[in-house]
Amino acid sequence: MRARVRRRVTWIITLSALLPLLSVWVLVLYISYRAEEQSAERQQVALTDLAAEDFRRFLFNTTIELQDVAENIARETDPQTITAQQLSTLGLFRSSFAEVAIYSADGQRQVASSRFGDPTLPMSLTGAQLLADLSTRRVSFADPPSFTGTISRKLAPQEIPRFRVATQLLSSNNQVLFLVADVSMQRIWTSTTRIETAAEMRVLILTEQGDLISAAKIEALLEHPEMRSIPLLGAEATVATYKSVFGEEVLGVRTSIEPVDWILVVERPLEVIYGNVGRLAVSLLMIIFIATPIVIGVGWYVGRRIAGPIQTLYAGVTRFSENPNNFEPVLLDTRDELASLAEAFN
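Being a predicted model, the structure only gives us computed values, none of them experimental.

(A) Just the side chain of Ser-114, in detail. As for its position among the elements, Ser-114 is in strand S2 (residues 109–114). At a separation of 3.0 Å, a polar atom in the side chain of Ser-114 contacts the main-chain amide nitrogen of Phe-116.

Below, the structure is given as structure tokens:
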């Protein structure tokens with residue numbers, strides 16, 4: 001009987017001590033998880049907004065630069081008779097443009113100039129959305145083509161994709177012309193890499209159709225030219241948790257980049273976000289494991305202290321029931337209810 005009582009008391013004390021510890025462990029982990037989730041989301045949204053603002057500023061400066069070139073051309077010469085050399089001086093000197101060209105009202109290229117050999121701007125832009133958008137905008141944009149280069153060597157400037165900008169230009173006789181320029185994606189790529197390195201998050205820029213046009217690693221442009229499967233592209237939510245095309249569970253945040261129809265997506269692996277929670281869980285479990293043998297030892301000692309007087313009282317009662325003539329008083333010095341019970345028996 002004494003062993004049974006001791007075991008029961010030991011288990012009661014052990015569970016009474018460990019259950020609150022486990023409850024605290026679960027509660028702390030839940031609170032930490034929610035806190036990390038909210039903190040990571042706020043930080044990621046703030047970073048996404050800052051990154052988008054950086055890209056917007058560059059695109060805004062590009063539009064100002066194009067309009068300045070258009071004004072200089074109209075002021076310095078007649079856009080209808082300008083030569084390629086003059087266009088190079090006015091359109092490429094001290095500008096970020098890789099190529100510039102002037103198109104007639106029907107979309108035919110009249111003159112063009114390039115930094116890298118012969119111009120590659122198309123001979124005709126008739127029916128192009130780039131020129132059609134100028135009916136409602138001062139400056140219009142066209143997305144860059146998908147990257148099809150190689151990563152085995154450093155890219156030459158002319159191998160880097162370009163996006164296209166256009167604005168209207170008036171000739172000396174007020175005939176409508178179009179000034180079109182190609183802008184290298186190098187500046188966008190560089191900013192993407194810089195932001196991703198500083199923030200330790202994956203930064204992606206996609207077109208409205210889901211084509212990837214900028215990433216910190218060129219390999220991503222080759223391996224994942226389109227990312228239409230990203231849940232953020234087809235949902236109203238701007239924040240979501242999903243499995244990225246790179247195989248990780250991530251927290252993704254998206255925002256738009258005006259005035260182009262580009263989408264900025266910033267992804268951060270959940271493993272990184274909840275890394276601190278995992279370390280906290282391990283630390284608390286180690287504390288519980290260390291405390292378990294101590295609690296069991298205390299329970300065993302207390303169980304022994306409780307079981308001893310019970311065993312003495314039980315033995316006295318048993319002897320008396322077997323032979324009432326051979327009565328021996330039961331003496332307990334516990335000063336509790338058991339001692340009172342022994343006195344009552346005596």
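(B) Representation of the nonpolar core. Core analysis: the biggest nonpolar cluster contains 56 residues, and Phe-97, Ile-102, Phe-163, Val-165, Trp-262 and Leu-264 have the highest contact counts within it. The leading source of residues in this core is helix H1 (residues 2–76), at 10 residues. In contact with Phe-97, not counting residues within four places along its chain, are Thr-62, Glu-65, Leu-66, Val-69, Gly-91, Leu-92, Arg-115, Val-165, Ala-181, Asp-182 and Val-183. Of all hydrophobic cores here, the second largest spans 11 residues; its members include Leu-121, Leu-125, Leu-134 and Ala-166.

(C) Layout of the sheet that holds strand S3 (residues 139–142). Taken in spatial order, the 5 strands of this open sheet run S2-S1-S5-S4-S3, and their pairing is antiparallel. A strand with exactly one partner marks an edge of an open sheet, and here the two such strands are S2 and S3. Strand-to-strand twist across the sheet, computed as the mean angle between neighbouring axes with direction ignored, equals 20°. Sheet topology places strand S4 (residues 162–170) next to strand S5 (residues 176–184); 9 bridges connect them, and they run antiparallel. Its bridge partner being in S5, Val-165 is matched across the sheet by Ala-181.

(D) Structural view of the layout of surface pockets. One number sums up the size of the largest pocket: a volume of about 240 Å³. For the lining of the largest pocket, the secondary structure elements donating two or more residues are helix H3 (129–132) and S4. Here the residues of the lining of the largest pocket are counted per class, giving 7 nonpolar, 3 polar and 5 charged.

(E) How the structure looks around the pattern of salt bridges. Counted according to the given criterion, the structure contains 11 salt bridges. Close ionic contact of Asp-54 with Arg-194 constitutes a salt bridge, the shortest N to O distance being 3.1 Å. Residue Asp-54 is found in helix H1, and its partner Arg-194 is found in helix H4 (residues 186–199); the two are separated by 140 residues along the sequence. In this structure, Arg-202 and Glu-248 form a salt bridge, with 2.5 Å as the shortest nitrogen-oxygen distance. Of this pair, Arg-202 sits in strand S6 (residues 202–207) while Glu-248 sits in the loop between strand S8 (239–243) and strand S9 (249–257), and the two are 46 residues apart along the sequence. One connected set of salt bridges, linked through shared partners, spans Glu-53, Arg-56 and Glu-258.

(F) Structural context of the packing of aromatic side chains. All told, the structure shown has 4 aromatic pairs when counted by the stated rule. Measuring from ring centre to ring centre gives 5.6 Å for Phe-147 and Trp-189, while their planes differ by 85°; the resulting arrangement is edge-to-face. Within this pair, whereas Phe-147 is found in the loop between S3 and S4, its partner Trp-189 is found in helix H4, the two being separated by 42 residues in sequence. Here Phe-147 and Trp-189 have matching classes, each one buried.

(G) A nonpolar patch on the surface, seen in detail. Taken together, the side chains of Leu-27, Tyr-30 and Ile-31 present a nonpolar region at the surface, about 340 Å² in accessible area. Of note, Ile-31 is situated in helix H1.

(H) Representation of the environment of Val-260 within the structure. Position of Val-260 among the secondary structure elements: in the loop between S9 and strand S10 (262–269). Separated by 201 residues in sequence, Val-260 and Leu-59 have C-alpha atoms that sit 8.2 Å apart. The residues touching Val-260, leaving out its near neighbours within four places in the chain, are Leu-59 and Phe-141.

Definitions and limits used
- Residues numbered from 1 in each chain as written.
- Predicted model: local features only at pLDDT ≥ 70, side-chain atom pairs only at ≥ 80, totals over all residues.
- Heavy atoms only, no water.
- Helix = DSSP H or I, 4+ residues; strand = E, 2+ residues; numbered from the N terminus.
- Polar contact = N/O pair within 3.5 Å; in protein donor to acceptor, adjacent residues only side chain to side chain.
- Core = buried A, V, L, I, M, F, W, Y, C linked by side-chain atoms within 4.5 Å.
- Buried < 20%, exposed > 50% of the residue type's maximum accessible area, 1.4 Å probe, protein only.
- Contact = heavy atoms within 4.5 Å.
- Pairing = 2+ DSSP bridges.
- Axes fitted to C-alpha atoms, helices over the stretch in contact; angles between N-to-C directions.
- 1 Å grid on protein atoms, 1.4 Å probe; cavity = no way out; pocket = protein on both sides within 12 Å on 5 of 7 lines; lining within 4 Å.
- Points joined across faces, edges and corners; volume = space filled by probe spheres on them.
- Nonpolar A, V, L, I, M, F, W, Y, C, P; charged D, E, K, R; others polar.
- Salt bridge = Lys/Arg side-chain N within 4 Å of Asp/Glu carboxyl O.
- Phe/Tyr/Trp six-rings, centres within 6.5 Å; stacked < 30°, edge-to-face > 60°.
- Patch = residues over 30% accessible without salt bridge, like charges linked within 9 Å, V, L, I, M, F, W, Y side chains within 5 Å.
- Areas by Shrake-Rupley, 256 points an atom, 1.4 Å probe, with all protein chains shown as cover.

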